[in-house]
Amino acid sequence: MSKSTNGCQSCLHYVFDYETTKTLVVPSLRVGLVFRLAQLVVLLYVVGYVCVVQKAYQETDSVISTVTTKVKGFVFTNTSNMEPRFWDVVDSVIPPQGDHSFFVLTNLVETPDQTQSRCPEFPTPSTICVDDCDCIVGHNDPRGNGVQTGLCENYSTTVKTCEVHSWCPLEIDTKLPERALLAAAENFTVLIKNSITYRKFNFHRRNIRPHVNSSYLKSCEFNRKTNPDCPIFRLKHIVSEAGEDFQEMAVKGGILGILIDWSCDLDWWPGKCYPRYTFSRLDSKDPVNNVSPGYNFRFAKYYKTADGQETRTLIKAYGIRFEVIVFGTAGKFAIVPTIVNLGATLAFLSLVPAITDWFMLMFMRRRELYSRHKTSHLTEEQNAESTSMSTTYGTQ
Ligand SMILES: *[C@@H]1O[C@H](CO)[C@@H](O)[C@H](O)[C@H]1NC(C)=O
């Protein structure tokens, strides 16, 4: 053989030698155990976690929903700092429309008979004055109560403050009742109507279930154990399910979530697709740094007196805002996610022999023997021996 044919020969070997897998049977219990165990782990993962827990064979859709609420109840208040008064939901539930979020008035500071006029400011370091020179005409501080008139007036017998143009008398909002004025609002009930759609699956439901008739609806009240289908909730019950005390929360107000979970499996139990209610307080009630707790806002009712002057009653309203939050996803069998997960399963299973090989060649006592048998090369002589019509490259 010449040198040039030698070089060409190795190159031909590189291109045309055929590699084929040979099955090596290893009669070792330990290797066999590792192999079956690895297979079992993969199968458990696929069947148990991917299929049963994650339901990866399904396609999913998230819920689209609409909510209306209607509160019922009334309160009669008779306290020392206010005239006896009857309140129904028109007075104490805001807004009246019955949105997914509604506010129930529980406590208030009322400032009646305010008119557009002039009165001395509250005494603060920047408003206390000695004479008119200390007050600037037209000066307004956003944290104050009005536009200064430039006069220094008696606030009390001992203190003089700058006079302002404002709604007078000014509101004194420090006199919040310690016990909620409308404490009886705990006995109000709310009817929640919720319709949902899963558009991908053309699936519609409402939270008033088909077996609920109108006479049941007139008398029922939600209770997780005895009456889980009733869409009418007592406010006290909602607050206590959220782990709070209504009377305590009513003093300074707060925000409470009514969470409706519509997660459903539409393959197996479409009939069992019904809402699950949970309740939770949404505003933080930090007991350590409880600055500006609760929830409040102001509104006013306007009147005209007989002589045509405009007056208003200012109300600083404290209360509980209820927010109905609807969420959920539905799943249903679909071919594409199924095929994708089948492919992933096969890929995992094809890893199992590699793991077993690694175990066999690394940790077994007879790993040298296995390694020798695992790959073998036919020499050219062996190849020539067995066939009479030799067609090895380069030797004719
Ligand atoms: C709410 O109703 C219950 C039972 O009807 C009554 O005992 C309770 O005093 C009421 N709550 C308030 C604050 O009036």
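Residues numbered from 1 in each chain as written. Predicted model: local features only at pLDDT ≥ 70, side-chain atom pairs only at ≥ 80, totals over all residues. Heavy atoms only, no water.

- Under Catalytic activity (unreviewed entry), UniProt gives the following word-for-word description of the protein: "Ca(2+)(in) = Ca(2+)(out)". (UniProt positions renumbered as here; feature names shortened; annotations may be inferred.)

**What about the state of the cysteines?**
Phase 1: This structure, assessed with the given rule, holds 5 disulfides.
Phase 2: With a sulfur-sulfur separation of 1.9 Å, C135 is cross-linked through a disulfide to C162. Looking along the S-S bond of the C135-C162 disulfide, the torsion reads about -90 degrees, which is the left-handed sense. Here C135 is found in the loop between β6 (101-120) and β7 (147-154), whereas its partner C162 is found in strand β8 (residues 160-168), with 27 residues between them in sequence.
Phase 3: Across the disulfide, C220 is cross-linked to C230 (sulfur-sulfur distance 1.9 Å). Handedness of the C220-C230 disulfide follows from its S-S torsion of about 70 degrees: it is right-handed. Placement of the pair is C220 in the loop between α4 (214-219) and β11 (232-234) and C230 in the loop between α4 and β11, with a sequence separation of 10 residues. (Disulfide = S-S within 2.5 Å. Helix = DSSP H or I, 4+ residues; strand = E, 2+ residues; numbered from the N terminus.)

**What to know about the layout of surface pockets**
Phase 1: For the second largest pocket, the calculated volume is near 330 Å³.
Phase 2: Grouping the constituent residues of the lining of the second largest pocket by class yields 9 nonpolar, 2 polar and 2 charged. (1 Å grid on protein atoms, 1.4 Å probe; cavity = no way out; pocket = protein on both sides within 12 Å on 5 of 7 lines; lining within 4 Å. Points joined across faces, edges and corners; volume = space filled by probe spheres on them. Nonpolar A, V, L, I, M, F, W, Y, C, P; charged D, E, K, R; others polar.)

**Re the UniProt feature "binding site: ATP" (unreviewed entry) in the protein**
Phase 1: Taken from the UniProt record, the annotation "binding site: ATP" (unreviewed entry) applies to K70, V71, K72, T189, N296, F297, R298 and K316. The greatest C-alpha distance among the residues just named is 24.4 Å, and with 247 residues of sequence between them they are spread in space as well.
Phase 2: For V71, the position within the fold is in strand β2 (residues 64-72).
Phase 3: The class of V71 is buried, set by a relative accessible area of 9%.
Phase 4: Each residue touching V71, except ones within four places of it in the same chain, is listed here: V89, V93, F102, F188, T189 and V190.
Phase 5: The residue T189 is located in strand β9 (residues 189-198) in this model.
Phase 6: Looking at T189, the relative accessible area reads 18%, which means it is buried.
Phase 7: Sequence-distant contacts of T189, that is, excluding residues within four places in its chain, are made with K70, V71, K72, I232, F233 and R234. (Buried < 20%, exposed > 50% of the residue type's maximum accessible area, 1.4 Å probe, protein only. Contact = heavy atoms within 4.5 Å.)

**A short note on the site of the ligand**
Phase 1: Within the structure, the ligand sits among A183, A184, E186 and N187.
Phase 2: In the environment of the ligand, a nitrogen atom lies 2.9 Å from a nitrogen or oxygen atom belonging to the side chain of E186.
Phase 3: A distance of 2.2 Å is found between an oxygen atom of the ligand and a side-chain nitrogen or oxygen belonging to N187.
Phase 4: Relative to its free-state accessible area of 360 Å², the ligand is covered by the protein chains to the extent of 36%. (Near = heavy atom within 4 Å. Polar contact = N/O pair within 3.5 Å; in protein donor to acceptor, adjacent residues only side chain to side chain. Areas by Shrake-Rupley, 256 points an atom, 1.4 Å probe, with all protein chains shown as cover.)

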